[in-house]
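# Structure assessment
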Amino acid sequence: MKKLLLPLLIPFVGFTQNIDELFLEIGEINFSFEYSNKNQLNDISDIVSIDHKTNAELAYAYANKKEFSEFLKLGIDYKIIPKKIISYNSGSKNNWDYYPTYEEYVNMMIAFADSFPDICKLHHLGTLNSGRKILIVQISDNIGQKENEPSFLYTSSMHGDELAGYILSLRLIDYILNGYNNNTKLTELVNEIDIWINPLANPDGAYYGGNQDVWSAIRYNSNWVDLNRNYPDPEDGAHPDGYPYQEETNIFLGLTDSLNFTISANMHGGAEVCNYPWDTWSNLTADNNWWEYVSQEYADSCQTNSGNGYFDYLNDGITNGYDWYSVSGGRQDYMNYFKHCREFTLELSDDKTPDPNDLPELWDANYPSLLNYMQQSLYGIRGIVTDSITGNPLKAKVEITNHDADSSHVYSNLPIGNYHRYLYQGNYSLTFSKNGYYPKTINATILNNDIVIEDLELVPFGNT
């Protein structure tokens, strides 16, 4: 039976309130406040972590002690939202209507690799000070071999209490592995894409109350830092939140330095919408029409495969991040700007930690969309860039004339020399360049959900 302590609202009691008492038992608080306009909300977002429950008039936010002290200086009335204490009857892995213990999670990830060693490998990305691990599985038909394929990344729950994606990611791994050679689409995805899935990016937050359950999960990590404000930012630079990069952040910075992901998504909760870049500034991306297209494809599929009213928040289930509210130091913008990887944020459930009984319905609504978005990594224009004399692969810049802006160009990646450029349908002029080589420009016509292959040879200086 569900047990719930309702979140009574505690009104603002003035600057004399003992802030130490607020943070006596836990290092983060959840609160709400009214705001007058978007500019004010964006300014406050630089101080505290605005939550996706925020609407046109009432903002919801999280803060640690330092952040809340700064917020109090603004003199804005607020209401504390006490942490909800929730517990549910456990379901079973067979029905995917439960949250595993931490040990069960680790054993599930090990079992995926042990049961499907030909197509699945478990990678231990790092161990936190708590002893909990950041784990990720790689799924490919040729594990350990570099191929002319896009690398695709799903991660979830960098906010430790946003756990719908945690279970959906585990189930997605299980579904893909068991469907390989039994389902045409799943087999194609495994054969053609280097797939990486990390179900739990903040295990210390998810299992804050202990490894046996997630009912005391928190948003921040064990240092009371919001991990989705802790990345380098296109506008605000390094350490936009004023904190050192956390263990969890450094682990993912290392992962994205070692692997050239081309498309990715980061799963959150608290709303039901696709949030596409940018978050940090009002500039539209060069590929805004592509983002709108793939985001709407995700949302439309969710609506088709669910009951009425699911995944239709804001602009029919999609939103530009900055149009919602600004975020500095988010992973989405880091991936797009610094790593040239197309990443958006999936808000999967109004309930951050849904009733386990609701998880099967969330799966039914989302798994076709999750697969369709993964398949998008195969579309657009792609190919291999080589030296015209030696035939060796090259790392070259791929830039679209009169189109690219704010780091939207991509590179061909070694050791294969392959590039992947995702574009909304239209006619484009692409220039390939590298120091020591003559640049080369080609024209291409792109169709949505279609593939154009263009292999290129660049001529070294002195050879014509």
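Residues numbered from 1 in each chain as written. Predicted model: local features only at pLDDT ≥ 70, side-chain atom pairs only at ≥ 80, totals over all residues. Heavy atoms only, no water.

### So, unusual backbone geometry
Selection rule: Numbering goes from the N terminus for both helices and strands, where a helix is a DSSP run of H or I of at least four residues and a strand is a run of E of at least two. Three exposure classes are used, based on accessible area relative to the maximum for each residue type with a 1.4 Å probe and protein chains only: buried under 20%, partly exposed in between, and exposed over 50%.
In the segment running from P277 into W278, the intervening peptide bond is cis, with an omega of 5°. Within the secondary structure, W278 sits in the loop between β13 (271-276) and α9 (288-304). Backbone torsion omega between L414 and P415 reads 15°, so that peptide bond is classified as cis. Within the secondary structure, P415 sits in the loop between β18 (410-411) and β19 (418-421). Even without glycine at this site, H239 takes up a positive phi of about 50°. Inspection of the secondary structure assignment puts H239 in the loop between α7 (203-206) and α8 (247-258). Among the residues examined, H239 registers a relative accessible area of 35% and is labelled partly exposed. In this structure, D406 is a non-glycine residue whose phi angle is positive, near 50°. Within the secondary structure layout, D406 lies in the loop between β17 (397-400) and β18.

### Quick look at the state of the cysteines
Where we set the bar: To count as a disulfide, a pair of cysteine sulfur atoms needs to be within 2.5 Å.
For the structure on display, the rule yields zero disulfides. Cysteine C274 is unpaired, with the sulfur of C302 as its nearest cysteine sulfur at 6.8 Å. By relative accessible area, which is 0% here, C274 ends up buried.

### Notes on the packing of α8 against helix α12 (residues 331-338)
Test applied: Fitting a line to C-alpha atoms yields each axis, with helices limited to the stretch in contact; the angle taken between N-to-C directions then spans 0 to 180 degrees. Under this scheme an angle from 65 to 115 degrees is roughly perpendicular, one under 35 degrees roughly parallel, and one over 145 degrees roughly antiparallel; angles in between are oblique. Working rule for handedness: look at the near helix, and if it is turned counterclockwise from the far one by less than a right angle, call the crossing left-handed; if clockwise, right-handed. We call two residues contacting when some pair of their heavy atoms lies within 4.5 Å.
Between α8 and α12, whose axes approach to 12 Å, the crossing angle comes to 25°. Judged by the angle between their axes, α8 and α12 are roughly parallel. By crossing handedness, the relation of α8 to α12 is classed as right-handed. Listed contacts from α12 to F252, L253, T256 and D257 of α8 are R331, Y334 and M335.

### Quick notes on the environment of Q212
Note that Q212 resides in the loop between α7 and α8. Between the C-alpha atom of Q212 and that of E28, which follows or precedes it by 184 residues, the distance is 21 Å. Q212 has contacts with T101 and E103, leaving out every residue within four places of it along the chain.

### A few points about the nonpolar core
Note the cut-off: We define a nonpolar core as any set of buried Ala, Val, Leu, Ile, Met, Phe, Trp, Tyr and Cys residues linked to one another through side-chain atoms lying within 4.5 Å.
Formed by 70 residues in total, the largest nonpolar core has its most connected members in Y105, Y154, Y298 and L346. With nine residues, the single largest contributor to this core is helix α5 (residues 164-179). Contacts of L346, omitting those with residues within four sequence positions, involve Y154, A265, N266, M267, H268, V273, C274, Y298 and L370. One finds I29, A59, V273 and Y325 within the second-largest nonpolar core, a separate group that totals 25 residues.

### What to know about the packing of aromatic side chains
Let me state the cut-off plainly: Stacked, tilted and edge-to-face pairs are distinguished by plane angle, under 30 degrees for stacked and over 60 for edge-to-face with tilted covering the rest, among Phe, Tyr and Trp rings (Trp via its six-membered ring) whose centres lie within 6.5 Å. By definition, being over a ring means that NZ of Lys or CZ of Arg is both within 6 Å of the ring centre and within 35 degrees of the ring normal.
Applying the stated criterion across every chain, the model contains 39 aromatic pairs. Centroid distance Y231 to Y334: 5.5 Å. Interplanar angle 45°. Geometry classified as tilted. Of the two residues, Y231 sits in the loop between α7 and α8 while Y334 sits in helix α12, which places them 103 residues apart along the sequence. Take Y334: its relative accessible area is 6%, and that puts it in the buried class. Considering the side-chain rings of W278 and W281, the 5.8 Å spacing of their centres and the 75° angle between planes classify their relative orientation as edge-to-face. The class for W278 is buried, based on a relative accessible area of 3%. Among the aromatic residues, those joined into a cluster by ring pairs are F152, Y154, W290, W291, Y298, Y310, F311, F344, Y373 and Y422. In this structure, K66 is placed above the aromatic ring of Y243, and the distance from its NZ or CZ to the ring centre is 4.9 Å. The ring centre of F252 lies 5.8 Å from the NZ or CZ of R331, which sits over that ring.

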